[in-house]
Amino acid sequence: MKFLPSALAATGLIGGFATARTTKSRPAGGAVLAAAGTGAFLGWKANVGAPRAAALTGLYLAAFGASHPLAKKLGAWPAVNTVTAAVVLTSLVAGRSR
C-alpha cells in the first residue's frame, strides 16, 4: 500500500517540538520525532526505494538540526514551520512513487 510519508514527517517535526515544549521533556519530543521519522522512512522506502528514503530521512534529521539556529533568528515556531515546509515539499516531489 502506498501512502504519503510527508504527513508523518510533518507530524514528527511539529509534533516532536510541540511535545517537548508542552511536556518540558526533550526526550519525549525526541521519541515523537524518532517514531514519526521511522514511519516516514518506511513509507519513502516503499514508495521510492531505500537510497532515496535514506536521503529524505537525512533531510528530515538535518531540518531538525537546522531548526535550532534558525529559531534564534525567526523564533521557535516559525523555524519549526519553515523546516517542516521544506521537508514536506521535498517529500512531495522526491518521495512519491510515480
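Anyway, here's the lowdown on the structure attached to this text. Small disclaimer: the values here were computed from a predicted structure and weren't measured.

What to know about the overall build of the protein chain
Here comes step 1: Counting secondary structure elements, the protein chain contains 4 helices and 0 strands.
Here comes step 2: When the helices and strands of the protein chain are placed in sequence order, the string is α-α-α-α.
Here comes step 3: The C-alpha atoms of the protein chain give a radius of gyration of 13 Å, which matches the 13 Å a tight globule of 98 residues would have.
Here comes step 4: Counting only C-alpha atoms and orienting by the principal axes, one finds that the protein chain spans roughly 40 × 25 × 15 Å.
Here comes step 5: For the protein chain, buried positions account for 32% of its 98 residues.
Here comes step 6: When contacts within the protein chain are restricted to residue pairs at least 6 apart in sequence, those whose partners lie at least 24 apart make up 69%.
Here comes step 7: Entry remark: accessible area of the protein chain is about 5,400 Å², with carbon and sulfur atoms responsible for 70%.

Points about the layout of surface pockets
Here comes step 1: One number sums up the size of the largest pocket: a volume of about 350 Å³.
Here comes step 2: When residues of the lining of the largest pocket are traced back to their parent elements, those giving at least two are helix 1 (5-23), helix 2 (26-48), helix 3 (50-74) and helix 4 (76-94).
Here comes step 3: No other element matches helix 1, which puts 6 residues into the lining of the largest pocket.
Here comes step 4: Of the residues that constitute the lining of the largest pocket, the class distribution is 9 nonpolar, 7 polar and 2 charged.

Some details on a nonpolar patch on the surface
Here comes step 1: On the surface, a nonpolar cluster with roughly 350 Å² of combined accessible area is contributed by Leu4, Leu89, Leu92 and Val93.
Here comes step 2: Along the chain, the position of Val93 falls in helix 4.

Quick look at helix 3
Here comes step 1: With 25 residues, helix 3 extends 34 Å between its outermost C-alpha atoms, agreeing within 8% with the 36 Å of an ideal straight helix rising 1.5 Å per residue.
Here comes step 2: Among the residues making up helix 3, those that are buried are Ala53, Leu56, Thr57, Tyr60, Ala63 and Ser67.
Here comes step 3: Residue Gly75 follows helix 3 closely and has a positive phi angle near 105 degrees.

Section: the packing of aromatic side chains
Here comes step 1: Tallied over the entire structure, the rule returns 1 aromatic pair.
Here comes step 2: Between Phe17 and Trp77, the ring centres sit 4.7 Å apart and the planes meet at 85 degrees, which makes this aromatic pair edge-to-face. One end of the pair, Phe17, is in helix 1; the other, Trp77, is in helix 4, and 60 residues separate them in sequence.
Here comes step 3: Looking at Phe17, the relative accessible area reads 21%, which means it is partly exposed.

Cut-off values and rules
- Per chain, the residues get numbers from 1 upward, laid out in the order the sequence is written.
- Totals for whole chains, interfaces and linings use every residue, but because this is a predicted model, local features are given only for residues with pLDDT of at least 70 and side-chain atom pairs only at 80 or more, for both listing and counting.
- Based on all heavy atoms of the structure, the side-chain values leave hydrogens and waters out of the count.
- Each helix is a run of H or I in the DSSP string that is no shorter than four residues. Each strand is a run of E no shorter than two, and both are numbered from the N terminus.
- As defined in this context, the radius of gyration uses C-alpha atoms, and a globule is described by 2.2 Å times the residue total to the power 0.38.
- Burial classes follow relative accessibility: with a 1.4 Å probe on protein chains only, a residue under 20% of its type's maximum area counts as buried, one over 50% as exposed, and anything between as partly exposed.
- Throughout, a residue-residue contact means that at least one pair of heavy atoms, one from each residue, lies within 4.5 Å.
- The protein chains shown are the only cover counted for residues, whose accessible areas, like all others here, come from Shrake-Rupley with a 1.4 Å probe.
- Here a cavity denotes a set of grid points, spaced 1 Å apart and computed over the protein atoms alone, in which a 1.4 Å probe fits but from which it cannot get out, and a pocket denotes an open set meeting protein on both sides within 12 Å along at least five of seven lines; residues with an atom within 4 Å of a point are reported as lining.
- Grid points are joined across faces, edges and corners, and a volume is the space filled by probe spheres set on the points.
- Three residue categories are used. Nonpolar comprises Ala, Val, Leu, Ile, Met, Phe, Trp, Tyr, Cys and Pro, charged comprises Asp, Glu, Lys and Arg, and polar comprises the others, including Gly.
- The patch calculation keeps residues exceeding 30% relative accessible area without a salt bridge and links them within 9 Å when they carry like charges or within 5 Å when they are nonpolar (Val, Leu, Ile, Met, Phe, Trp, Tyr).
- A side-chain nitrogen of Lys or Arg and a carboxyl oxygen of Asp or Glu constitute a salt bridge if their distance falls within 4 Å.
- To estimate how far a helix should reach, multiply one less than its number of residues by 1.5 Å.
- Working definition: a ring pair exists when centres of Phe, Tyr or Trp rings (six-membered ring for Trp) sit within 6.5 Å. Plane angles under 30 degrees give stacked, over 60 give edge-to-face, the rest tilted.

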